[in-house]
Amino acid sequence: MKADSALKVGILSLSNYITVLVNTILFPVFPAMARDLGINLTDLAILVGIVSFPAAVINLFGGVLADRFGRKLVMVVSLFIYGLGGLVAGLAILLVAKPYPLLLVGRFLQGLGSATPMFLSVALVGDIFQSIERSKAVGFLETANGLGKVSSPVLGGAIGLLAWQAIFFLYPLVAIPVAVATWVYIKEPEHDKSVEWDKHKEAFLLFTNRSRLLSLVAAFLVIFLLIGTMFWMSDFLGAKLEVNKLLRGVIIALPAVAMMLTTLAAGFISQRLHPRIIIALGMLLLAGSAVMLGFFFNALLFWPLIVLVGIGAGITLPAIDTVSTSVKSKDIRGLTTTIYGSARSLGGALSPITFSFLLHYGNRLTFASLGAAGLALTVIFYLLFREKDILPEELLPDDAAPEQG
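Residues numbered from 1 in each chain as written. Predicted model: local features only at pLDDT ≥ 70, side-chain atom pairs only at ≥ 80, totals over all residues. Heavy atoms only, no water.

Draft legend 1. The arrangement of the overall build of the protein chain in detail. In terms of regular secondary structure, the protein chain is built from 17 helices and 0 strands. In the protein chain, buried positions account for 58% of the 405 residues. The contacts of the protein chain with a sequence gap of at least 6 include a subset with a gap of at least 24, amounting to 85%. Of the accessible surface of the protein chain, which amounts to about 15,900 Å², a share of 69% is contributed by carbon and sulfur atoms. (Helix = DSSP H or I, 4+ residues; strand = E, 2+ residues; numbered from the N terminus. Buried < 20%, exposed > 50% of the residue type's maximum accessible area, 1.4 Å probe, protein only. Contact = heavy atoms within 4.5 Å. Areas by Shrake-Rupley, 256 points an atom, 1.4 Å probe, with all protein chains shown as cover.)

Draft legend 2. Molecular detail of the packing of helix H14 (residues 275-296) against helix H17 (residues 363-384). At a minimum axis separation of 7 Å, H14 and H17 run at an interaxial angle of 160°. When the axes of H14 and H17 are compared, the pair comes out roughly antiparallel. Note that H14 runs across H17; the crossing there is left-handed. Classifying every residue of the contact of H14 with H17 gives 17 nonpolar, 6 polar and 2 charged. (Axes fitted to C-alpha atoms, helices over the stretch in contact; angles between N-to-C directions. Parallel < 35°, antiparallel > 145°, perpendicular 65-115°, else oblique. Left-handed = near helix turned anticlockwise from the far one by under 90°. Nonpolar A, V, L, I, M, F, W, Y, C, P; charged D, E, K, R; others polar.)

Draft legend 3. Fine view of the confidence of the model for the protein chain. Taken residue by residue, the protein chain gives an average pLDDT of 82. The fraction at 70 or more is 87%. Taking the mean pLDDT of every element in the protein chain, the minimum, 69, falls on helix H9 (residues 197-205) and the maximum, 93, on H17. (pLDDT = per-residue confidence, 0-100.)

Draft legend 4. A look at the nonpolar core. Ranked by size, the top nonpolar core spans 94 residues in total, and within it Leu-26, Met-33, Phe-168 and Trp-232 carry the most contacts. The greatest single-element share of this core, amounting to 17 residues, is contributed by helix H10 (residues 210-240). In contact with Phe-168, not counting residues within four places along its chain, are Leu-26, Met-33, Gly-86, Leu-87, Ala-89, Gly-90, Ile-93, Leu-103 and Arg-107. (Core = buried A, V, L, I, M, F, W, Y, C linked by side-chain atoms within 4.5 Å.)

Draft legend 5. Focus on the pattern of salt bridges. Under the definition given, this model contains 2 salt bridges. A salt bridge links Asp-321 to Arg-344; the nearest nitrogen and oxygen atoms lie 3.3 Å apart. Here Asp-321 is found in helix H15 (residues 302-325), whereas its partner Arg-344 is found in helix H16 (residues 333-358), with 23 residues between them in sequence. Across this residue pair, the class does not change: Asp-321 and Arg-344 are buried. (Salt bridge = Lys/Arg side-chain N within 4 Å of Asp/Glu carboxyl O.)

Draft legend 6. Spatial organisation of the packing of H14 against H15. Orientation of H14 relative to H15, taken along the N-to-C sense of each, is 155°, at an axis distance of 7 Å. Taken together, the axis directions place H14 and H15 in an arrangement best described as roughly antiparallel. Between H14 and H15 lies a crossing of left-handed hand. Looking at the contact of H14 with H15 residue by residue, the classes come out as 20 nonpolar, 4 polar and no charged.

Draft legend 7. Quick look at helix H6 (residues 117-128). Taking 1.5 Å as the rise per residue, H6 with 12 residues should run 16 Å; its terminal C-alpha atoms sit 16 Å apart, in good agreement. The element H6 is largely enclosed, with a buried count of 11 among its 12 residues. Looking at H6, one finds that the buried residues are Pro-117, Met-118, Phe-119, Leu-120, Ser-121, Val-122, Ala-123, Leu-124, Val-125, Gly-126 and Asp-127. (Expected span 1.5 Å × (residues − 1).)

Draft legend 8. Examining the packing of aromatic side chains more closely. Taken as a whole and assessed by the stated rule, the structure comprises 16 aromatic pairs. On the basis of an interplanar angle of 75° and a centroid distance of 5.6 Å, the ring pair of Tyr-82 and Tyr-171 is categorised as edge-to-face. Here Tyr-82, found in helix H4 (residues 71-95), pairs with Tyr-171, found in helix H8 (residues 167-185); they are 89 residues apart in sequence, far enough to count as distant. Residue classification places Tyr-171 among the buried positions, given a relative accessible area of 1%. Aromatic pair Trp-232 and Phe-367: ring centres 4.9 Å apart, planes at 80°, arrangement edge-to-face. You can see Trp-232 sitting in helix H10 and its partner Phe-367 sitting in helix H17, a full 135 residues away along the chain. Of the residues examined, Trp-232 reaches a relative accessible area of 1% and is grouped as buried. (Phe/Tyr/Trp six-rings, centres within 6.5 Å; stacked < 30°, edge-to-face > 60°.)

Draft legend 9. Expanded view of the side chain of Ser-324. In this structure, Ser-324 sits in helix H15. A relative accessible area of 3% places Ser-324 in the buried class. Discounting residues that sit within four places of it in the chain, Ser-324 has contacts with Val-122, Arg-212, Thr-336, Thr-337 and Tyr-340.

Draft legend 10. Examining a nonpolar patch on the surface more closely. On the surface, Leu-7, Leu-65, Phe-69, Leu-73, Val-77, Phe-80, Ile-81, Ile-176, Val-180, Trp-183, Val-184 and Tyr-185 cluster together into a nonpolar patch covering about 1,100 Å² of accessible area. Those elements that place two or more of their residues in the nonpolar patch are helix H3 (41-69), H4 and H8. Ranked by the residues each element gives to the nonpolar patch, the list is headed by H8, at 5 residues. (Patch = residues over 30% accessible without salt bridge, like charges linked within 9 Å, V, L, I, M, F, W, Y side chains within 5 Å.)

Draft legend 11. Layout of the environment of Gly-156. Relative to the assigned elements, Gly-156 resides in helix H7 (residues 131-162). Between the C-alpha atom of Gly-156 and that of Leu-26, which follows or precedes it by 130 residues, the distance is 5.9 Å. For Gly-156, the contacting residues outside a window of four places in its chain are Ile-25, Val-29 and Ile-167.

Draft legend 12. How the structure looks around helix H5 (residues 100-114). Relative to the 21 Å expected for 15 residues at 1.5 Å per residue, H5 spans 20 Å between its end C-alpha atoms, a close match to the ideal helical length. Listing the buried residues of H5 in full gives Tyr-100, Leu-103, Leu-104, Gly-106, Arg-107, Gln-110, Gly-111, Gly-113 and Ser-114.

Draft legend 13. Fine view of the side chain of Ser-114. Mapping Ser-114 onto the fold places it in helix H5. There is a polar contact of 3.4 Å between the side chain of Ser-114 and the backbone oxygen of Gly-111. Here Ser-114 is in contact with Thr-19, Val-51, Ala-55 and Tyr-82, once residues within four sequence places are set aside. (Polar contact = N/O pair within 3.5 Å; in protein donor to acceptor, adjacent residues only side chain to side chain.)

Rendered as structure tokens:
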């Protein structure tokens, strides 16, 4: 990859990295937050969900705005809003006697700001790179995403040793420089910014295709189970293990470490396996590990199982990113990728709330039921997904390519 292209991928990867900080950096300090703010596990789940729900909705509109006004402009504005939300939350904790309501306002703003950068960066990579090089580039983006999930719990735990409140002031400190770098260095390829509604309608109609809809469900499932597992670990470790915040952050990061290392092999895997097999294999590992966690959460097998959760996510997400960018018209690629972003954000929003509800009935029922649902979706995906229905010819495996002549 040329130096100029590597710089662009690096900056876009940073936008992926910092938006991941919005939730996972807080997981190690949740017990301290709950104690100091006088809130419970459900309240903590709402603090996560109030970020992800607006992200799921705004992603749809953000894609329309990006196709009309440019991906770069929408990304830069979003990053500034993201930083502002962190500042509002931090000031509320320091200056308000009962800060939880205003804290929710700040988190809501963070949800608005974190919605589109991660997925518009994927769209820009789709504009800049073609064919198999695109798979390598989105692999770097997912690696940055994984690195954020890996480092943010550790970073949150380290900051929490000093003062967990300081975490909220980190958001503007990292978001604003990345916004400036994006504006200065990313040269957005020319595309038609006067996209008519028919084009946006075309993007939504893509998901009437069974295979593309299944890939959307797969995106939801992966984030749902990954974030849910990490959220559960933040509560489980606080209750079961007497460890400090930093070590708690390191343990919570284990699934993300496995995910990040696996995404590094995205290009290698994509050259050797069909997208259907890659996605189904990742979902199988993820959901199967979740089922087993329900029975072995107090056993030594706990450790390899949480690693397998991360490996499953790391196998699946780059392949889904490749599918999400595989549209014929780049004029609607921004909207298409943010629709996938909405599915992932919705998974992140529903996951902590669902887990916090089911955990009242025990770890076994929580993981066995959700993991079994994931296994059922995996089987449906493998049986019904068809690469030739949605992928361009250059990305099709040889035996799935349309016949010539």
